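Each chain, written out:
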Amino acid sequence: MDTKVQQEQAKSEIRREMANAIRVLSMDAVQKANSGHPGLPMGMADVASVLFADFLKFDSVDPDWPDRDRFILSAGHGSMLLYSLLYLCGYEDMTIEQIRNFRQLGARTAGHPEYGYAQGIEMTTGPLGQGIATAVGMALAEKKLAFEFGDDIVDHYTYVLAGDGCLMEGISHEAIDFAGHLQLSKLIVLFDDNGISIDGATSLTTSTNQLARFEAANWDVSYVDGHDPVAIADAIAKARKSDKPSLIACKTVIGFGAPNKQGSAATHGAPLGEEEIALTRAALDWSSAPFEVPEDLLSSWRACGQRSLDARQQWQARLDAMPADQRARFEAMQSGSLGQEFQSCIETLKRRFSEEQPKLATRQSSQQVLESLMDTVPWLLSGSADLSGSNGTKPGNAVSLTRDNFSGNYVHYGVREHGMAAAMNGIALHGGYIPFSGTFLAFADYSRPAIRLGALMKQRVVHVMTHDSIGLGEDGPTHQPVEQIASLRAMPNLMVFRPADAVEVAESWACALAATNSPSVLCLTRQGVPTLRGKHRRENLCARGAYLLREPRGKRKATLLATGSEVQIALEAADMLARFGVEVAVASMPCWELFEQQSPEYQQIVLGGECRVAIEAASPMGWDRWLGRRSSIIGMSGFGASATAEDLYQHFGITAQAVHDEVRRLLQI
């Protein structure tokens, strides 16, 4: 027999034994937890062992190495595959005790991979399709950084393990189309083509030829036996040389090794059972006790975890040898710094707006803010879902990023709101750029699953959402957001800003970009609003979430609470009431989440006594937390209509006169 063939056979046998370690750890952990999904880890163990042992560039001792390859388990229900790999490769915080405690309270080994729980978990996955879409953002960031710093410093791949469910989800279409268009050639998707979903065979629900689908989206595609280590290795090696993103469809048997249950939905989302586990151990010739891996096999895996040590050290030497200014820029970008000039830039903008008193839509003042910020913080990466002019996210100094020129700082995401939001999560997770992009607020629901995942992962991503109320006018109720603001405010760890004027826009941007542990949504108007602050103040008042914009000359009898374009209505109503001797305070509340963080004493100063009227051209849901015993809400109780903004505010009773009348009714005067 040919020596090369013998070597390949020997290597393949080692890879199969290494794969069996994944299978056994996974089925044992799921069995002990009496909960979980053993099928995917057992089916894709061969693919994973080849990838981690022969291709993946990573160092378990330095898991945050910027030039590491990324591995994304898009099919997050198969989390024991990832946890097994992290333990076997020697990640310090993934101990065998963590494997034993799979799905238990306080363990790093949650039911689905959670970003930040353990080293080596590159993102939170579980909602199917999010992984592959987020990985597109990672691959985009890699390609752009490589364009800027060269492949001596940035040269890594993003690998995704995706299942049938990931490819059924609609977001996958947005993601693969966008990745193919940009020719993100270092994105490689390993498709677990096992033909099984929870309900049974995938033939129950789909007839899609995934290879043809990806090929039509400008991907390189191949099809391999997912249990043949040589074929898997050859396919990955070929994909790494492609000038397109790659799909490798790996034909696998779900639950591989379980004699009676493999190939069936029975292994998808339930423990195998003690009897089947015993039979599987025999079939795999595995004699070790649960949660024990033979020393020689564990040593082989641990060597994989250190295989890229030399590559990392050589990379560090190249980084150290860079010109000081280039290295400083690279490190600042990796750290997410806003730079030394950021605060002075915001101050200059605020002062200018206060002095010039422009009447601008807040989307327009936002564009002016961005024009300054994108010069001040060059690693801001903007974009829009085909609404560049409407959202104001493409200021005059923005340059389009294209597949032929990655020097641009503006991404044309196309009409792909969901994919855009997920890609921005990936850009933020990857590091190097601070992403923001725009769409209409009414379309926030398209983006919502990715926004939620960003909040879970504590990622700094800014979602600019314009046309924020009935004030957008004639486009009518399909485009007029009503319930969106309330629903976004209901999401944990998401900051929702609705600034009232240009000054508040600048302050809101400062807050959103400084929030390194949460995403933000900026709700901006289509219609013009006056500048409400005539005197410049250095303090960022929006950073308190709410503040008194107008204080009464005498005893406060009521407080008017408002956000965005309705703050000017509150001020007009206050003037009307003052003419009748009724002194009220006006509080602008641009960010409830920040106001919640203030002391009770400060909150009381802003909110005042029991008589309060809230004004917001949106659903009243949530306002009750800020109201007293004698209070009222002037807002929207249903959908909008098609008319001019002025007519709509009159029609729905969101006017200064209505506020005036309501205060007097509550005060019984």
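Residues numbered from 1 in each chain as written. Predicted model: local features only at pLDDT ≥ 70, side-chain atom pairs only at ≥ 80, totals over all residues. Heavy atoms only, no water.

### Some remarks on the environment of Gly111
Looking at the element boundaries, Gly111 is found in the loop between α5 (96-100) and α6 (130-149). A sequence separation of 81 residues divides Gly111 from Val30, and the C-alpha atoms of the two residues are 9.8 Å apart. Contact partners of Gly111, with chain neighbours within four places excluded, come to Gly76, His77, Ser79, Phe102 and Arg103. (Helix = DSSP H or I, 4+ residues; strand = E, 2+ residues; numbered from the N terminus. Contact = heavy atoms within 4.5 Å.)

### Side note on the pairing of strand β9 (residues 380-384)
Most of β9 sits inside the fold, with five of its five residues counted as buried. The pairing of β9 with strand β12 (residues 434-440) spans three bridges and is parallel. Within the sheet, the bridge partner assigned to Ser384 lies in β12 and is Gly438. Two strands pair when backbone bridges link them, and β9 and strand β11 (residues 410-412) are joined in this way by three bridges, in the parallel orientation. Counterpart to Ser382 in the pairing with β11 is Tyr410. (Buried < 20%, exposed > 50% of the residue type's maximum accessible area, 1.4 Å probe, protein only. Pairing = 2+ DSSP bridges.)

### Comments concerning a negative patch on the surface
Taken together, the side chains of Glu13, Glu17, Asp285, Glu295 and Asp296 make up a negatively charged region of the molecular surface. Residue assignment for the negative patch shows that the elements contributing at least two residues are α1 (3-33) and α12 (295-305). With respect to the helices and strands, Glu17 occurs in helix α1. A relative accessible area of 36% places Glu17 in the partly exposed class. (Patch = residues over 30% accessible without salt bridge, like charges linked within 9 Å, V, L, I, M, F, W, Y side chains within 5 Å. Areas by Shrake-Rupley, 256 points an atom, 1.4 Å probe, with all protein chains shown as cover. Salt bridge = Lys/Arg side-chain N within 4 Å of Asp/Glu carboxyl O. Lys, Arg positive; Asp, Glu negative; His and termini not counted. Charge placed at Lys NZ, Arg CZ, Asp CG, Glu CD.)

### Focus on the pattern of salt bridges
Enumeration over the complete set of coordinates arrives at 29 salt bridges. Glu507 is paired through a salt bridge with Arg533; the nearest N and O atoms lie 2.5 Å apart. Pair noted here: Glu507 is in helix α21 (residues 502-514) and Arg533 is in the loop between β16 (528-529) and β17 (547-550), with a separation of 26 residues, a long-range link. For the pair Glu507 and Arg533, one class covers both residues: buried. A salt bridge links Glu596 to Arg625, with the nearest nitrogen and oxygen atoms 2.5 Å apart. Placement of the pair is Glu596 in helix α23 (residues 592-596) and Arg625 in the loop between β20 (611-615) and β21 (630-634), with a sequence separation of 29 residues. Arg625 sits in the partly exposed class, given a relative accessible area of 41%. Via salt bridges that share partners, Glu347, Lys350, Glu507 and Arg533 belong to a single interconnected network.

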